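Structural overview
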Amino acid sequence: MNHRFSFFPSVRAAVLAGATVAMMAAPALTYAQSTGAAQTTPDTTAPAQDTAAPAQTDATLQASPDASGKKDKKNKEDKVVQSKDTKRHMKDSKKTDAMAEADAKLPDRQLYDKALIATKKGHFDVARLDLQTLLNTYPDSQYQMKAKLAIADSWYREGGTAALTQAEQEYKDFITFFPNAPEAAEAQMRVGDIYFRQMDKPDRDYSKALHAQDEYRLMLQQFPDSTLVPEAKQRLREVQEVLATREAEIAAFYGTHENWPATIARYQTVADTYPQFSRMDDVLVALGDAYASEARIVRSQPQLPEGAKARLVKIYDDRAIAAYRKVALEHSASPHVEDARDRLAAMNVPIPTPTPEQAAASAALENSRGQYHIQDRAKLIILRRPDTVLAAHSGEPPLVDPKATLAPASYERYRRTMLRL
């Protein structure tokens, strides 16, 4: 029997010693394994990433033909295709810009631009000198028409009686030389504005107002398609507001002196000629009162035959009623409509009711009128301008005056005429 050397006296002791050493080394081995795993994780995952990257690249390469095809198709659908008209317009715009740039270097254009700058700065003499040089030096220039209009504008902007008179002549010459140009309507409009700027108050000289009315009417008749038509109509309404105020004030003056034929003639002229007058209700009520006063005078004349007296009284009463009824029907939204209704009730006449159309038209007319503000009153006091604040802003101003109503020379002539009826 062979005996080998052993540290342990028996096999059993060796086994027990090995088990004890294993139990003591187990925690250290576990800690070493966990630490080593944490340190080796990046190294172990890197190959996985490197391995997955080629796979992902292959998948992208395999899917890229279809995805790129869809993307190209979407880009083609989203792309805006320019039409032939758009391309032509862009091409023409480029040509126009190039022509404008070349045109700005022309000597006649430079003279024209220089004159416009001088006009804006108030150097009117310098501007007109440059414009006249353009007209004389370049008779075939494309700026001939604009230069003539600019000369008239410089006189207009300079202001003053003499300058405005010269501006009117220049505008008239422009209309004569270029009657079909779009600027001809502007020139005619400026002629009306020249007289509009010089209008005085209604109780002063009214010749400027009459000239302004004629020029604005001429503009509306000769250039009905112009873009300046709305502005010309409004100016005409304001001019007619001034003229109507003048006639109404004269009628009121005759009324205070109980000159009823003259009062009737003036008020009737206002009612027939200026239907958009801001105080038309007052005018019609005063007209009815004048007819009623004439009826009272006739009733107080004992020497008149009863038959003729009755006929004359009926004529006056009927005309007074007609004036009051017109206020109640056509001017139901006006301030003095109740005065007219009270007078009809006093005469035992049924008070008429306006139709919805008549009420709407009256309300629209009254609502279109301006309102007084502090600056408006200040201008009227300081600048001594005619009052046009209450002028209507809707409706068609009359372009032709009806036949004016004239007062008889005396009461007796008027009564004899009425008695023959």
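Residues numbered from 1 in each chain as written. Predicted model: local features only at pLDDT ≥ 70, side-chain atom pairs only at ≥ 80, totals over all residues. Heavy atoms only, no water.

**Some details on the overall build of the chain**
For clarity, the threshold we go by: We count a stretch as a helix when DSSP gives it H or I for four or more residues in a row; a strand needs E for two or more, and each element gets its number in order from the N terminus. Two residues qualify as a contact provided that any one of their heavy atoms is within 4.5 Å of a heavy atom in the partner residue. Only the protein chains shown count as cover for residues, with accessible areas throughout obtained via the Shrake-Rupley method and a probe of 1.4 Å.
In terms of helices and strands, the chain carries 16 helices and zero strands. Across the chain, contacts joining residues at least 24 apart in sequence account for 60% of those joining residues at least 6 apart. Of the roughly 26500 Å² of accessible surface on the chain, 57% is carried by carbon and sulfur atoms.

**A few points about the layout of surface pockets**
For the record, the criterion: Lining residues are defined by having an atom within 4 Å of a point belonging to a cavity or pocket. Those points lie on a 1 Å grid over the protein atoms alone, cavities being sets where a 1.4 Å probe fits but cannot get out and pockets being open sets with protein on both sides within 12 Å along at least five of seven lines. Grid points are joined across faces, edges and corners, and a volume is the space filled by probe spheres set on the points. Three categories are distinguished: nonpolar for Ala, Val, Leu, Ile, Met, Phe, Trp, Tyr, Cys and Pro, charged for Asp, Glu, Lys and Arg, and polar for the others, with Gly belonging to the last.
One number sums up the size of the largest pocket: a volume of about 520 Å³. Taken together, 20 residues form the lining of the largest pocket, with Phe196, Glu238, Arg385, Pro386 and Thr388 sitting closest to its centre. At the level of secondary structure, the elements contributing two or more residues to the lining of the largest pocket comprise α7 (183-197), α9 (229-256) and α15 (374-382). It is α9 that contributes the most residues to the lining of the largest pocket, four residues altogether. In terms of residue class, the lining of the largest pocket is built from seven nonpolar, five polar and eight charged. A volume near 350 Å³ is recorded for the second largest pocket. Lining the second largest pocket are 18 residues, and of these Arg246, Glu247, Arg266, Thr269 and Ala404 lie nearest its centre.

**Some remarks on the packing of aromatic side chains**
This is how it is decided: Pairing of aromatic side chains here covers Phe, Tyr and the six-membered ring of Trp, requires ring centres within 6.5 Å, and sorts the geometry by plane angle: under 30 degrees stacked, over 60 edge-to-face, intermediate tilted. Sitting over a ring, as applied to charges here, requires NZ of Lys or CZ of Arg to be within 6 Å of the ring centre and within 35 degrees of the ring normal.
The final tally for this structure, using the stated rule, is five aromatic pairs. The ring of Trp155 has Arg128 sitting right over it, with the charged end atom 3.6 Å from the ring centre. The ring of Phe196 is capped by Arg235, whose NZ or CZ atom sits 4.7 Å from the centre of that ring.

**A short note on the packing of helix α5 (residues 144-158) against helix α6 (residues 161-177)**
How two helices sit against one another is set out by the angle between their axes and by the gap between those axes. Here is the rule we go by: Angles here are taken between N-to-C directions and fall from 0 to 180 degrees, while the axes themselves are lines fitted to C-alpha atoms, restricted in helices to the stretch in contact. Note on angle classes: values under 35 degrees are labelled roughly parallel, values over 145 roughly antiparallel, values of 65 to 115 roughly perpendicular, and the remainder oblique. It is the rotation of the near helix from the far one that decides the hand of a crossing: anticlockwise by less than a right angle makes it left-handed, clockwise makes it right-handed.
At a closest axis distance of 7 Å, the pairing of α5 and α6 adopts a crossing angle of 160°. As the angle between them shows, α5 and α6 are arranged roughly antiparallel. Regarding α5 and α6, the two cross each other, and that crossing is left-handed. Residues Met145, Lys148, Leu149, Ile151, Ala152, Asp153, Trp155, Tyr156 and Glu158 of α5 form the contact with α6, whose own contacting residues are Ala163, Leu164, Gln166, Ala167, Glu170, Tyr171, Phe174 and Phe177. The class makeup of the residues in the contact of α5 with α6 is twelve nonpolar, one polar and four charged.

**A closer look at the packing of helix α11 (residues 280-299) against helix α12 (residues 306-330)**
α12 packs onto α11 with a crossing angle of 165° between their chain directions and a minimal axis gap of 8 Å. Overall, the two elements α11 and α12 adopt an arrangement that is roughly antiparallel. Relative to α12, α11 is oriented so that their crossing is left-handed. Counted together, Asp281, Leu284, Val285, Leu287, Gly288, Asp289, Tyr291, Ala292, Glu294, Ala295, Val298 and Arg299 of α11 and Lys309, Leu312, Val313, Tyr316, Asp317, Arg319, Ala320, Ala323, Tyr324, Lys326 and Val327 of α12 form the full contact between these two elements. In terms of residue class, the contact of α11 with α12 is built from 14 nonpolar, one polar and eight charged.

**What to know about a nonpolar patch on the surface**
Heads up, the condition is: Any residue with relative accessible area above 30% and no salt bridge may belong to a patch, with like charges joined within 9 Å and the nonpolar Val, Leu, Ile, Met, Phe, Trp and Tyr side chains within 5 Å. Salt bridges are identified by distance alone: a Lys or Arg side-chain nitrogen within 4 Å of an Asp or Glu carboxyl oxygen. Type-normalised accessible area, obtained with a 1.4 Å probe on protein chains alone, sets the label of each residue: buried when under 20%, exposed when over 50%, and partly exposed for intermediate values.
Together, Ile381, Ile382 and Leu383 line one region of the surface with nonpolar side chains, adding up to about 350 Å² of accessible area. Structurally, Ile381 is set in helix α15. Given a relative accessible area of 67%, Ile381 falls into the exposed group.

**Examining the side chain of Glu238**
Here is the rule: We count Lys and Arg on the positive side and Asp and Glu on the negative side, and we leave His and both chain ends out.
Mapped onto the elements of the fold, Glu238 is located in helix α9. At 4.4 Å, Arg235 is the nearest oppositely charged side chain to Glu238, a buried residue that forms no salt bridge. Setting aside chain neighbours within four positions, we find Glu238 in contact with Phe196, Thr388 and Ala391.

**Overview of the nonpolar core**
Selection rule: What is meant by a nonpolar core is a set of buried Ala, Val, Leu, Ile, Met, Phe, Trp, Tyr and Cys residues, joined one to another through side-chain atoms within 4.5 Å.
Core analysis: the biggest nonpolar cluster contains 63 residues, and Tyr171, Tyr216, Val239, Phe277, Met280, Val283 and Tyr324 have the highest contact counts within it. With eleven residues, the single largest contributor to this core is α11. Look past the residues within four positions of Met280 in its chain and what remains in contact with it is Val270, Ala271, Tyr274, Pro275 and His331. Core analysis: the next-biggest nonpolar cluster, separate from the first, contains twelve residues, Leu131, Leu135, Tyr143 and Ala147 among them.

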